[in-house]
Each structure stands twice: as C-alpha cells, then as structure tokens.
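Observations on the three-dimensional arrangement
Listed below are the residues making up each chain.
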Amino acid sequence: MTGVAGTSTANASESSATALSCSNRQYFPGSDGHAGGSIRCTGSAFVAKATCFKRGYGNYTHYGNRVESGGTSTVWCDRDATMERVDGLSS
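Each value, and the rule that gives it
Residues numbered from 1 in each chain as written. Predicted model: local features only at pLDDT ≥ 70, side-chain atom pairs only at ≥ 80, totals over all residues. Heavy atoms only, no water. Helix = DSSP H or I, 4+ residues; strand = E, 2+ residues; numbered from the N terminus. Buried < 20%, exposed > 50% of the residue type's maximum accessible area, 1.4 Å probe, protein only. Pairing = 2+ DSSP bridges. Axes fitted to C-alpha atoms, helices over the stretch in contact; angles between N-to-C directions.

Moving on to the overall build of the protein chain. Each helix and strand counted, the protein chain has 1 helix and 6 strands in total. In the protein chain, the succession of α and β elements from N to C terminus is α-β-β-β-β-β-β. Across the 91 residues in the protein chain, those meeting the buried criterion constitute 26%.

Here the focus is the pairing of strand S1 (residues 21–29). Pairing geometry for S1 and strand S2 (residues 35–42), over 7 bridges, is antiparallel. Its bridge partner being in S2, Ser-23 is matched across the sheet by Arg-40. Taking the residues between adjacent antiparallel strands as the criterion, S1 and S2 are bridged by 5 residues, where Asp-32 takes a positive phi near 60°.

Moving on to the sheet that holds strand S3 (residues 46–54). The antiparallel open sheet is built from 3 strands, whose spatial order is S4-S3-S6. Because the sheet does not close on itself, it has two edges, and the strands there are strand S4 (58–63) and strand S6 (82–90). Across the sheet, the axes of successive neighbouring strands diverge by a mean angle of 25°, strand direction being ignored. Relative to S6, S3 runs antiparallel, the two being bridged by 8 bridges. Following the sheet pairing, Phe-53 is matched in S6 by Thr-82.

Next comes the structure, spelled out in structure tokens:
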C-alpha cells in the first residue's frame, strides 16, 4: 500500500507542475543598478525564478516571493547584473 500511495503522490506533483500557467512577464530596472522582473501565474502557488547574469561570475538563480494562484511574484538580481529570464515555479 505504501508504494501505491507514493506513486499516486508523485503523479499528483507532476500534474500540478504542468498545471501552472504563466504570463505577463515584465522586466524593469531598480535602484542602484539592480535588475528586476515579475510574473503572474495561475494553477497553484508559485515563486518567480530569475536567471541572472553577472560579468566575471556567470549565471545564477534568484527566487521571488511566494504568492497564491493569480498573484504576481517579483524577483531581483544583484547590482550590476542582468536578468536573462523570469519564469514561474510551483511551490
């Protein structure tokens, strides 16, 4: 029975991950050389996931605030970095 429940849980997690639908990506400059982005998603609670790039360091990831379905999450990259992309990530 435990194996069956584990399989069911994994399938439910996969299903909710594919149910996340995101739109309205926005990119904007912040104060003191920071790059910002936001995204709106529906389907489950989520966070914004930014792929940032900083010269001399390379790519790295930052995460925004957790919001419920239908909300907007905002995320910031470090000073003097660029935001390559912002996506939604189920949480």
